[in-house]
Amino acid sequence: QVQLVESGGGLVQPGGSLRLSCAASGFTFSSYPMSWYRQAPGKERELVAFITSAGSSTNYADSVKGRFTISRDNAKNTMYLQMNSLKPEDTAVYYCSILRMGRRSWGQGTQVTVSS
């Protein structure tokens, strides 16, 4: 079955950087687009970034454009989210996700806290 495992979250000061990873298994990773979502306390889960199966095209939420970069390594079955110039409003649990056979699957999430 689909397994998605996020890592790389933590506590960082405003202006700092983090790199999240999502290790995938249980499906043909290179065949599917992938996404990063986030959910802040008291807010709905929102799409942060999207990448096509080959990694040739990406999309970002307006709030992270120019600061975050989504990428993937299909040889390693891993997706990444490089987050730079972090702001307190980026504080959230970050999830990787795949929509496959009409069903959306999620990882367990990794906490990112941006605070001084």
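Residues numbered from 1 in each chain as written. Predicted model: local features only at pLDDT ≥ 70, side-chain atom pairs only at ≥ 80, totals over all residues. Heavy atoms only, no water.

Let us look at the overall build of the chain. Looking only at helices and strands, the chain has zero helices and eleven strands in total. When the helices and strands of the chain are placed in sequence order, the string is β-β-β-β-β-β-β-β-β-β-β. Radius of gyration (C-alpha) of the chain: 13 Å, near the 13 Å computed for a compact globule of 116 residues. Considered along the principal axes of its C-alpha atoms, the chain spans approximately 40 × 25 × 20 Å. The long-range share in the chain, meaning contacts at least 24 apart out of those at least 6 apart in sequence, stands at 52%. Surface accessibility of the chain: about 6,100 Å² in total, with carbon and sulfur atoms responsible for 46%. Here the chain contributes 12 positively and 7 negatively charged side chains, and the mean placements of these two sets differ by 6 Å. (Helix = DSSP H or I, 4+ residues; strand = E, 2+ residues; numbered from the N terminus. Rg over C-alpha atoms; globule rule 2.2 N^0.38 Å. Contact = heavy atoms within 4.5 Å. Areas by Shrake-Rupley, 256 points an atom, 1.4 Å probe, with all protein chains shown as cover. Lys, Arg positive; Asp, Glu negative; His and termini not counted. Charge placed at Lys NZ, Arg CZ, Asp CG, Glu CD.)

The sheet built from four strands is open, its strands ordered 1-3-8-7 with antiparallel pairing. In this open sheet, the two strands that pair with only one neighbour each are strand 1 (3-7) and strand 7 (68-73). Here the average twist between neighbouring strands, direction ignored, is 15°. (Pairing = 2+ DSSP bridges. Axes fitted to C-alpha atoms, helices over the stretch in contact; angles between N-to-C directions.)

To continue, consider the pattern of salt bridges. Taken as a whole and assessed by the stated rule, the structure comprises four salt bridges. In this structure, the salt-bridge partner of Asp90 is Arg38, at a minimum N-O distance of 2.9 Å. Separated by 52 residues along the polypeptide, Asp90 in the loop between strand 8 (78-83) and strand 9 (92-100) and Arg38 in strand 4 (residues 34-39) bring together distant segments of the chain. Across the pair, exposure class does not vary: Asp90 and Arg38 are buried alike. (Salt bridge = Lys/Arg side-chain N within 4 Å of Asp/Glu carboxyl O. Buried < 20%, exposed > 50% of the residue type's maximum accessible area, 1.4 Å probe, protein only.)

Before going further, it helps to spend a moment on the pairing of strand 1. Along strand 1, the buried face is formed by Leu4 and Glu6; none of Gln3, Val5 and Ser7, which line the opposite face, is buried. The sheet contact formed by strand 1 and strand 3 (residues 18-25) spans five bridges and is antiparallel. By the bridge assignment for strand 3, Leu4 is matched with Ala24.

Core analysis: the largest hydrophobic core is formed by 29 residues, its most contacted members being Met34, Trp36, Met79, Leu81, Met83 and Tyr94. Where this core is concerned, the elements lending two or more residues are strand 3, strand 4, strand 5 (46-51), strand 7, strand 8, strand 9 and strand 11 (110-114). Apart from residues lying up to four places away in sequence, Met34 is in contact with Leu4, Cys22, Phe27, Phe29, Ala49, Phe50, Ile51, Ile70, Arg72, Met79, Ser97 and Ile98. (Core = buried A, V, L, I, M, F, W, Y, C linked by side-chain atoms within 4.5 Å.)

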